[in-house]
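# Descriptive analysis of the structure
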Amino acid sequence: GINAEYMGFLVMKLNSIKVSTVLLICFMLYDVFMVFVSPVIFKGQSVMVEVATAGEGTITPSRTHPFECIRVPDEHMPMLFLIPRLSWSGGYAMLGLGDILLPGLLLSFALRHDTLANRGSFTPVGLCKGLKWVWHRYHYYVLTCTGYAIGLLFAFAANTLGLTINGVRGQPALLYLVPCTLGPLVIWAYHKGDLLKMWEGPEELRIKAQTPLNVSDLEPPQGEIPLMECQEV
């Protein structure tokens, strides 16, 4: 699961809030529908919960294919993370891969925007000035990271308290993560006067995305032998 998330962040990048807003809101509505509304259509079974847990396991060997992988009831497919619940009842809370990847794309956008933005520089001295420097240099990234932590806390709290619809044991985490990450980012960007630029995509990110790869940069300097080249003895 962690490898899949890592590859997703390497391959996919968002370059504007406009794309992020459409993507996150659509997946949030999809998540809510599949978790809370699908039991009404599919006779009491939540499609999202069934997919995340890979259904019920079986200990009966396959009679049709001797090499078929048999999954025991307590075994889960690598499609989610299991986080222990901090309650007397015990058990685990499920966090899907999409609940990390989709908001993480917004966090990645905020970090790349803050990194490429020219906000001046100063040398931090002491803890307080160091924290002030981090906020001054990466305020959009810090804001979205804090919002993600708060949204995740809300999702776990709702799951622990049993807040549900149609008796579903589970929460659509994007219902809490999207407003807590996208909302503060949009509000703060409007306050700082950066919303229009970030909505269409900052020029720095567009130039970075459109810059073609120069093949000559991949060639070793003259006079040096590539590491992977075989040498004749």
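The rules behind each value
- Residues numbered from 1 in each chain as written.
- Predicted model: local features only at pLDDT ≥ 70, side-chain atom pairs only at ≥ 80, totals over all residues.
- Heavy atoms only, no water.
- Helix = DSSP H or I, 4+ residues; strand = E, 2+ residues; numbered from the N terminus.
- Buried < 20%, exposed > 50% of the residue type's maximum accessible area, 1.4 Å probe, protein only.
- Contact = heavy atoms within 4.5 Å.
- Areas by Shrake-Rupley, 256 points an atom, 1.4 Å probe, with all protein chains shown as cover.
- Salt bridge = Lys/Arg side-chain N within 4 Å of Asp/Glu carboxyl O.
- Expected span 1.5 Å × (residues − 1).
- Bend = angle between axes of the 7 residues up to and from the residue.
- Phe/Tyr/Trp six-rings, centres within 6.5 Å; stacked < 30°, edge-to-face > 60°.
- Lys NZ or Arg CZ within 6 Å of the ring centre and 35° of its normal.
- Axes fitted to C-alpha atoms, helices over the stretch in contact; angles between N-to-C directions.
- Parallel < 35°, antiparallel > 145°, perpendicular 65-115°, else oblique.
- Left-handed = near helix turned anticlockwise from the far one by under 90°.
- Nonpolar A, V, L, I, M, F, W, Y, C, P; charged D, E, K, R; others polar.
- pLDDT = per-residue confidence, 0-100.
- Polar contact = N/O pair within 3.5 Å; in protein donor to acceptor, adjacent residues only side chain to side chain.

Another aspect to go through is the overall build of the protein chain. Scanning the protein chain from terminus to terminus reveals eight helices and two strands. Counting helices and strands in the order they occur from the N terminus, the protein chain gives α-α-α-β-β-α-α-α-α-α. Taken across its 233 residues, the protein chain has 30% of its residues classed as buried. In the protein chain, the proportion of contacts linking residues at least 24 apart, taken out of those at least 6 apart, comes to 60%. Total accessible area on the protein chain is roughly 15,800 Å²; 66% of this is exposed by carbon and sulfur atoms.

Taken as a whole, this structure holds one salt bridge when the rule is applied. One salt bridge in this structure joins Glu200 and Lys18, with 3.3 Å as the shortest N-O distance. Of this pair, Glu200 sits in helix 7 (residues 195–200) while Lys18 sits in helix 2 (residues 17–41), and the two are 182 residues apart along the sequence. On the accessibility criterion, Glu200 (45% relative accessible area) is partly exposed.

Between its first and last C-alpha, helix 2 extends 34 Å over 25 residues, near the 36 Å set by a 1.5 Å rise per residue. At Met34, helix 2 shows its maximal kink, close to 40°. Residues of helix 2 that are buried include every one of Ile17, Ser20, Thr21, Leu24, Met28, Asp31, Met34, Val35, Phe36, Ser38 and Pro39, and no others. Positioned one or two residues after helix 2, Lys43 has a phi angle of 60°, which is positive.

As a further point, take the packing of aromatic side chains. For the structure shown, the criterion picks out one aromatic pair. Their ring planes at 80° and their centres at 6.4 Å tell us that Phe27 and Tyr30 sit as a pair that is edge-to-face. Of this pair, Phe27 and Tyr30 are both found in helix 2, three residues apart, which corresponds to roughly one turn of the helix. The ring of Tyr138 has Arg137 sitting right over it, with the charged end atom 5.4 Å from the ring centre.

A separate point is the packing of helix 1 (residues 2–11) against helix 4 (residues 98–116). Where helix 1 contacts helix 4, the axes come no closer than 10 Å and their chain directions differ by 25°. When the axis of helix 1 is compared with that of helix 4, the two are roughly parallel. Seen along the crossing, helix 1 lies across helix 4 with a hand that is right-handed. Here Glu5, Gly8 and Phe9 of helix 1 lie close against helix 4, whose contacting residues are Gly98, Ile100, Leu101, Gly104 and Leu105. Among the residues forming the contact of helix 1 with helix 4, the class breakdown is four nonpolar, three polar and one charged.

Turning our attention to the confidence of the model for the protein chain. Overall, the predicted model of the protein chain reaches an average pLDDT of 75, with 65% of residues at or above 70. The element-level mean pLDDT for the protein chain is lowest in helix 8 (residues 203–210), coming to 62, with helix 6 (residues 174–192) highest at 92. Within the model, the stretch residues 224–233 combines pLDDT values under 50 with two contacts to residues more than four positions away or in other chains.

Below, the discussion takes up the packing of helix 2 against helix 4. Remark: helix 2 packs on helix 4, axes separated minimally by 11 Å, with the N-to-C direction vectors making an angle of 165°. On the basis of the axis angle, helix 2 is roughly antiparallel to helix 4. Between helix 2 and helix 4 lies a crossing whose hand is left-handed. Judged by residue contacts, Ile17, Ser20, Leu23, Leu24, Phe27 and Asp31 of helix 2 engage Asp99, Leu102, Pro103, Leu105, Leu106 and Phe109 from helix 4.

Once that is clear, we can look at the environment of Leu153. Tracing the backbone shows Leu153 in helix 5 (residues 127–161). Spatially, the C-alpha atoms of Leu153 and Ala173 are 9.8 Å apart, while their sequence positions differ by 20 residues.

As for its position among the elements, Ser38 is in helix 2. Looking at Ser38, its side chain comes within polar contact range of the main-chain oxygen of Met34, at 2.4 Å. Once you skip the residues sitting within four places of it in the chain, Ser38 turns out to touch Phe33, Gln45, Ser46 and Val47.

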